[in-house]
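Chains, contacts and geometry: an overview
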Amino acid sequence: MEKTTAKSKIPYLEIFIEQAPTAIAMFDKNMCYLAASNCWIKDYKLQGIEIIGQCHYDIFPEINQDSKDVHQQCLEKAIDVCDEAPFKRPDGTVQWLYWDISPWYISKGKVGGLFIHTLDVTHHKESELKKARTEDIFTQTKEVAKMGTWEINLATKKVYWSKLTREIHEVPDGYKPNLEDAINFFEEKTSRPKLRSCIKDTIEKGVPFDFDFELVTAKNNIRWVRVIGKIEIKDGKYSNVIGLVQDISDVKFFKIQLNKAHAQLRAIYNSESISIFSTDSTGYINHFNKGAEKLLGYSAEEMEGKKGPTCFLFPEEVSKFREDLATKHGKNPDNFSHYKDLPVENVNDTREWIYIRKDGSTVPVQCTVSSVKDDLGKNIGFIVVSTDISDLKAYQNEILAKNQLLNFAEQMTMIGHWQWNLASGSVKWSKNLYTIAEVDTSVQPVFDTFFSLVHPEDQPLIAERVDDAMREKNFESATIRLITTTGKTRTVHIAGVVVTNNQGEVVELMGTAQDVTELKMAEKKLKGLLESAPDAIMIINEQGTIQIINKQTETLFQCSPEELLKEFIEDFIPNILPFIKAAKFSNSNNTRQIGVIEELIGLRKNGEQVPISINMGPVEWEGELVISLAIRDITKQKSAERKIIKAKENLEVLAHKLTEQNRQLADFTHITSHNLRSPVSNLNSLLDIYKTTDDEVLKESLFGKFETVINQLTLTLNTLIEALKTKGPHTDEDVEEIEFEEVLSTTKDVLAGEILKSGASITADFSKCSKIKYHKIYLESIFLNLISNSMKYRSKSRKPEIEIKATDINGNIMLEFRDNGLGIDLEQHGHKLFGLNKVFHRHPDAKGVGLFLTKSQIESMGGTISASSKVDVGTTFTINFN
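This one's a predicted model, so the numbers in the text were calculated from it and none came from an experiment. (Residues numbered from 1 in each chain as written. Predicted model: local features only at pLDDT ≥ 70, side-chain atom pairs only at ≥ 80, totals over all residues. Heavy atoms only, no water.)

1. Observations regarding helix α16 (residues 459-472)
Counting along an α-helix, one turn takes 3.6 residues, and residues three or four places apart therefore face a common direction. To keep it simple, the criterion reads: We count a stretch as a helix when DSSP gives it H or I for four or more residues in a row; a strand needs E for two or more, and each element gets its number in order from the N terminus. Given a helix with a known number of residues, its expected span is that number minus one, times 1.5 Å. Each residue gets one of three labels from its accessible area relative to the maximum for its type: buried under 20%, exposed over 50%, partly exposed in between, using a 1.4 Å probe on protein chains only. Think of the arc as the fan of directions from the helix axis to the C-beta atoms.
Over its 14 residues, α16 extends 20 Å from the first C-alpha to the last, a length consistent with the 20 Å expected when each residue adds 1.5 Å. Listed as buried for α16 are Ile462, Arg465, Val466, Asp468 and Ala469. Seen from one end, α16 has its buried residues packed into an arc of 160°, which puts them on one side. The exposed set on the far side of α16, more than 90 degrees from its buried face, consists of Pro460 and Arg471.

Below, the structure written as structure tokens:
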């Protein structure tokens, strides 16, 4: 919308520009003219030239690259104003111009081109330069101290320095420089190239300059000077370069330091990691940095001059702050205001606050409030520096929670911790260590406090451990007896670490003390139980080293204790480590019972292998988590299992055979009771009629019926025989390599009449698998039954379409028969789809035998057949031959 509006204004701008009383032109981004005032055309002698749409640089090819660069900077949203600059025309004359270049926008932030406004000031310039030359130099010299003059005669190339200029350069009065010598007084890396470029531009282009340069005097003193240079024009040509040089060393050095301090202050103030805002004497925020914006979610525009800090502070915290300030400075807290009631006092308050962000969330901060004073020492507001301490608070809370958890854990595990600073001699005990030793917490412990509680018989051991720690820089753990202040004897396991300084000197010992009294008692009971256990028992540590065994272990592995203890478990039980690792033995707080592991092998001393089962689980032993193995010789058990498995396999084979035979007998019984009983009964009825009638015509017709019934009986018997044959074994001689296309061709020949009658379309895709090793008679029967079924149960509303597709996926051959026939309701009939004499449509030729035979033949060859169907859509039979 903004772009459209901007474009719609252009015609009005063209009219305005054309009628403008000064030289002004409007350009697009390619510096092509969009509009120009009549004054512009007149000033630049463009009458009769069509400039609209033409490039400015094509019309004025004398425009130099510096001017083009200025145009490009303005197209990037810059504005350039020049009071006077020489413009050399093709005829050699110099035209002095004033210009004002600014971008115009087609939408917010998007530049459309440039406006250039110029004034021809040539007629004023020459007389102005002549008149102002001497007056300008002497006026500036009078106004500014330490200012000398210089001049370059372009015709003779001679350089003139005034007396003060020579003094600044620290050269003798008679020194006469040339241009190169004069330039070489300046610092070579930055100042010298810059000054040389400025003088060159002044000589060649008439560009004036006014810059600060670093100068090295003849006496090697460093000075900063301001150098001003301008061109002098006579008769329209450049004649001299005149200028001033001013010693600004004192100001420059002070400015450098001041700029450095300002830069550092700006860097701090603009930091996003620190929130800084300040208020005026009325309490309104007058500065709000990026860190404050990021922390609180407000923009500086929303806050500066509009709100005070109370908009994001809790009232109760503000009240407490004011009350504390009043008390600190001896003021009445009632209706106290730190803006009004502390006119000259120095305020510097650091505390934690809770800030309320713009989105309503809160953030804890560490905040310092300091007063801001004017030149007279009066408070004119406050500056507030805040740091987000959310992470610190979370860390503090976490440390507090962990300390509480540690105290709870120490109580649960009967562990206390201690620290001994050797430099100061101070000792620290945890609360639970006081409890274990039954020492009052008001007692400040030293080393002797603990040593005096150690059982006299164990004191040498503790002394030895401390001496070794000092010498070896390692504290070896020990289990000792402690006599508490109430006279109780407790068994305590001491562990520690040594802390050294950069010189390797021991400066501190720290560690834990665990009350293992009950554990030791339990261990004694456990050792007694180990020997009475019926199985071999092993205790192994984290590295898989055998720590404890019982007598049954020696018997099982036929080794002595010396040959077992401290040895690696896999030397006796190979492949057991994965089971130990599965128990999360290391680096886990979730060690679990593994249970019984069977089918492992134990190795005896003589190399004999013993089948074993292991019951494995974690055990706490002398303050260390170890694994307990209960090992049982299952040689007899394995032998019995093998006999049981063999007998089970034999029973399964026999049961399968019996089941199959029972199913075959059931099929035979079904045929006998259903398919044979009816024809035989029919024959008996016909025979009775034949015997009792004298009607020859009737007898003759009865013979036709006899033939029909006998044929049906013969078909049923043949079907039964064929089905039972299918269930029987077949030999490798029955299997041969068969082409699917050949079987399909044979099937089409057999069903040629039915195919013509039904108009059936049969298509086949054997590209992915063209042949198979199979029982040829079975395969021909499968094709014949499935294709004839598709035509037999075709839909009356459409011609039958039969699609056959063979695939071979990694040696798994599959055959798919798809038709568009009547379909089958599988929810109702799916369970009996392949049953003997099961029919699902009222078709006169339906016998319920084809699918039964097909399934029997496929399964006898080790395959399977399945069906998917939808009523009145069609049926798909899928055969998996493997």
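Back to the text.
2. Some points on the packing of aromatic side chains
Note the cut-off: Centre distance within 6.5 Å is the pairing criterion for rings of Phe, Tyr and Trp, where only the six-membered ring of Trp is used; planes under 30 degrees apart are then read as stacked, over 60 as edge-to-face, and the remainder as tilted. Only when the NZ atom of a Lys or the CZ atom of an Arg is both within 6 Å of the ring centre and within 35 degrees of the ring normal do we say a charge sits over the ring.
Throughout the structure, instances matching the rule amount to 26 aromatic pairs. Through successive ring pairs, a cluster of aromatic residues spans Phe740, Phe766, Tyr774, Phe783, Phe817 and Phe881. One residue, Lys252, lies across the ring of Trp224, its end atom 4.8 Å from the ring centre.

3. Section: the pairing of strand β15 (residues 379-388)
Where we set the bar: DSSP calls a pair of strands paired once it identifies at least 2 bridges connecting them.
Inspection of the sheet shows strand β11 (residues 275-279) paired to β15 by 5 bridges, in the antiparallel sense. Paired with Thr279 across the bridge in β15 is Phe382. Inspection of the sheet shows strand β14 (residues 362-373) paired to β15 by 9 bridges, in the antiparallel sense. Bridge pairing in β15 links Lys373 to Asn379. Where β14 folds back onto β15 in an antiparallel hairpin, the turn is made up of 5 residues, including Gly377, whose phi is positive at roughly 85°.

4. With respect to the side chain of Ser788
Worth spelling out the cut-off: Throughout this description, a polar contact denotes any pair of N or O atoms lying within 3.5 Å of each other; where both atoms belong to protein, one of them has to be capable of donating a hydrogen while the other can accept it, and for residues adjacent in sequence the pair is counted only when both atoms sit in side chains.
Secondary-structure assignment places Ser788 in helix α25 (residues 776-792). Among the polar contacts made by the side chain of Ser788, one reaches the main-chain carbonyl oxygen of Leu784 at a distance of 2.6 Å. Among the polar contacts listed, one links the side chain of Ser788 to the backbone oxygen of Asn785, at a separation of 3.1 Å.

5. Overview of unusual backbone geometry
For Asn335, which is not glycine, the phi torsion reads 55° and is therefore positive. Take Asn335: it is sitting in the loop between α12 (315-328) and β13 (348-356). What makes Asn335 exposed here is its relative accessible area of 78%.

6. So, the sheet that holds strand β16 (residues 415-421)
Rule in force here: Axis definition: a line fitted to C-alpha atoms, over the contacting stretch in the case of helices. Angles run 0 to 180 degrees between N-to-C directions. Only heavy atoms enter the contact rule, under which two residues are in contact if any of them lie within 4.5 Å.
Strands sit in the order β17-β16-β20-β19-β18 across an open sheet of 5 strands; the sheet is antiparallel. Looking at the sheet topology across the chains shown, the edges are occupied by β17 (427-429) and β18 (478-483). Strand-to-strand twist in this sheet, taken as the mean axis angle between neighbours without regard to direction, amounts to 25°. Seen against the sheet, α16 touches β16, β18, β19 (489-500) and β20 (506-515) and runs at an angle of roughly 135° to β18.

7. Quick word on α25
Taking 1.5 Å as the rise per residue, α25 with 17 residues should run 24 Å; its terminal C-alpha atoms sit 24 Å apart, in good agreement. With respect to burial, α25 is a largely interior element, 12 of its 17 residues being buried. For α25, every residue scored as buried is listed here: Tyr778, Leu779, Ser781, Ile782, Phe783, Asn785, Leu786, Ile787, Ser788, Asn789, Ser790 and Met791.

8. Remarks on the side chain of Ser249
Topologically, Ser249 is positioned in helix α9 (residues 249-269). A distance of 3.0 Å separates a polar atom in the side chain of Ser249 from the backbone nitrogen of Trp224. In contact with Ser249, not counting residues within four places along its chain, are Arg223 and Trp224.

9. Overview of the nonpolar core
The line we're drawing: We define the nonpolar core as a collection of buried residues of types Ala, Val, Leu, Ile, Met, Phe, Trp, Tyr and Cys that are connected through side-chain atoms lying within 4.5 Å of one another.
Core analysis: the biggest nonpolar cluster contains 34 residues, and Phe740, Tyr774, Phe783, Ile787, Ile804 and Leu815 have the highest contact counts within it. Those elements that place two or more of their residues in this core are α23 (740-750), β28 (771-775), α25, β29 (801-809), β30 (812-819), α27 (850-860) and β32 (874-880). Of the residues forming this core, the biggest block, 7 residues, is contributed by α25. Not counting residues up to four positions away in its chain, the partners in contact with Ile787 are Leu744, Thr747, Leu751, Ile762, Ile802, Ile804 and Phe817.

10. Overview of the sheet that holds strand β2 (residues 33-36)
Taken together, 5 strands build an open sheet; the order of strands is β2-β1-β5-β4-β3 and the sheet is antiparallel. Taken across any chain shown, the strands that pair with only one partner, and hence form the sheet edges, are β2 and β3 (80-88). Pairwise comparison of adjacent strand axes, ignoring direction, gives a mean angle of 25° for this sheet. Sheet analysis places strand β1 (residues 23-28) next to β2, joined by 3 bridges and oriented antiparallel. Considered in β2, the bridge of Phe27 is made with Tyr33. Relative to strand β5 (residues 110-120), helix α4 (residues 65-75) is tilted by about 135°, and along the sheet it contacts β3, β4 (94-107) and β5.

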